[in-house]
Amino acid sequence: INNAHGAGFKVLLSIPGSPYPESIAFEEYAQFLGGVAALGPDAIEVWNEMNIDFEWPAGQIDPASYVNNMLAPAYNAIKTANPNVMVISGAPAPTGFDNNTNAWSDSRYMAGLAAAGAANYLDCVGAHYNAGATAPSAVTGHPAGSDHYSWYLMPTLNVYAQLGKPVCFTELGYLSGQDYGGVPERFSWAANTTVDQHAAWLAEAVSLAANSGKVRMVIVFNVDFTQWGNDPQAGYAMIRKGGGCPACGTLASVMGR
């Protein structure tokens, strides 16, 4: 944290648990976040994708539980330790899948957060968006052949803005496998996304978010990951396989740099 601040960066720490947990030590977690806040980061994201069983115990997924057992105690611990730390709610996984045991759709989960009073215990609403394959302004035409909101940026933003608080995209990215010879089968919806589109869409997404009046922060997913395979993180990277960075130029242009 100190080194990053010394280099002129702001620091957001996203603090989740272990994959496929069977239980969560809520009190210990809140105390830990209080200790982290005392170290002086600029923001803390409280958990991650708590609407799926990869991050929350299967059969126990429940936005009221997240608010009452985790978010509210963590918020109080963080603000007691350092009131200047921004508290961001954990971003749900953007999914329409919902079987009530292994996952809740993020729209249902967000409605549950609103009903549970989550807005009282956060400064910004955490959000992820990573399945786009159309221009950010589009609301139809996704290659998946679906008009479900989660394929499109602005309809997704509206789902998260329902809490009446600013939205923080802690992951926002577009996938292109052009320089990797294609994409894995389960990401076939991104098969025709070019590197040039990847760069243009990132810039347009940031511009739309900045002018929406609803978004406080966007973190691009990602800058320079190299992992490629079933989880093609390198295909989301700004710095491409050959070392070029088309998105560096497009993002700089919309940011006035």
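First, a word on what this report is: a plain description of the structure on this page. Just so you know, these numbers come straight off a predicted model, no measurement behind them.

Okay, the packing of aromatic side chains next. Taken as a whole and judged by the stated rule, the model has 14 aromatic pairs. Between tryptophan 47 and tryptophan 56, the ring centres sit 6.1 Å apart and the planes meet at 80°, which makes this aromatic pair edge-to-face. Overall, the relative accessible area of 5% leaves tryptophan 47 in the buried class. Here tyrosine 75 and tyrosine 121 contribute two aromatic rings whose centre-to-centre distance is 6.1 Å and whose plane-to-plane angle is 75°, an arrangement assigned as edge-to-face. Highlighted residues: tyrosine 75 in helix 3 (residues 63-81) and tyrosine 121 in the loop between helix 4 (106-115) and strand 4 (125-132), separated in sequence by 46 residues. We classify tyrosine 75 as buried; its relative accessible area is 18%.

Turning to the packing of helix 2 (residues 26-37) against helix 3, a few remarks are in order. Look at helix 2 against helix 3: their axes get within 8 Å of each other, and the N-to-C directions meet at 30°. Relative to helix 3, the element helix 2 is oriented roughly parallel. The two elements helix 2 and helix 3 meet at a crossing, and its hand is right-handed. Taking contact as the criterion, the partners of Phe26, Tyr29, Ala30, Leu33, Gly34 and Ala37 in helix 2 are, on helix 3, Ser65, Asn69, Met70, Pro73, Ala74, Ala77, Ile78 and Ala81.

If you trace the backbone, serine 176 turns up in the loop between strand 5 (167-174) and helix 6 (195-211). Within polar-contact distance, the side chain of serine 176 engages the backbone nitrogen of glutamine 178 at 3.4 Å. In this view, serine 176 contacts Thr193, Thr194, Val195, His198, Gly235 and Arg240; residues no more than four positions away in its chain are not counted.

Attention now moves to the sheet that holds strand 3 (residues 86-89). Spatially, 1-2-3 is the arrangement adopted by the three strands of the open sheet, whose pairing is parallel. With one partner strand each, in any of the chains shown, strand 1 (12-15) and strand 3 form the two edges of the open sheet. Between one strand axis and the next, the sheet turns by 20° as a mean value, whatever way the strands run. With four bridges connecting them, strand 2 (residues 43-46) and strand 3 associate as parallel partners. When the sheet's bridge partners are listed, alanine 43 is paired in strand 3 with methionine 86. Of the strands in this sheet, strand 2 and strand 3 touch helix 3, which is tilted by about 165° from strand 3.

Another aspect to go through is the state of the cysteines. Overall, the coordinates contain two disulfides when judged by the stated rule. A sulfur-sulfur distance of 1.9 Å marks the disulfide that ties cysteine 245 to cysteine 248. Taking the sign of the S-S torsion, 85° for the link of cysteine 245 and cysteine 248, the bridge is right-handed. For cysteine 245, a relative accessible area of 21% corresponds to the partly exposed category. If the cysteines joined by disulfides in the protein are listed in sequence order, their pairing comes out as 1-2, 3-4.

Calculation notes
- Residues numbered from 1 in each chain as written.
- Predicted model: local features only at pLDDT ≥ 70, side-chain atom pairs only at ≥ 80, totals over all residues.
- Heavy atoms only, no water.
- Phe/Tyr/Trp six-rings, centres within 6.5 Å; stacked < 30°, edge-to-face > 60°.
- Buried < 20%, exposed > 50% of the residue type's maximum accessible area, 1.4 Å probe, protein only.
- Helix = DSSP H or I, 4+ residues; strand = E, 2+ residues; numbered from the N terminus.
- Axes fitted to C-alpha atoms, helices over the stretch in contact; angles between N-to-C directions.
- Parallel < 35°, antiparallel > 145°, perpendicular 65-115°, else oblique.
- Left-handed = near helix turned anticlockwise from the far one by under 90°.
- Contact = heavy atoms within 4.5 Å.
- Polar contact = N/O pair within 3.5 Å; in protein donor to acceptor, adjacent residues only side chain to side chain.
- Pairing = 2+ DSSP bridges.
- Disulfide = S-S within 2.5 Å.

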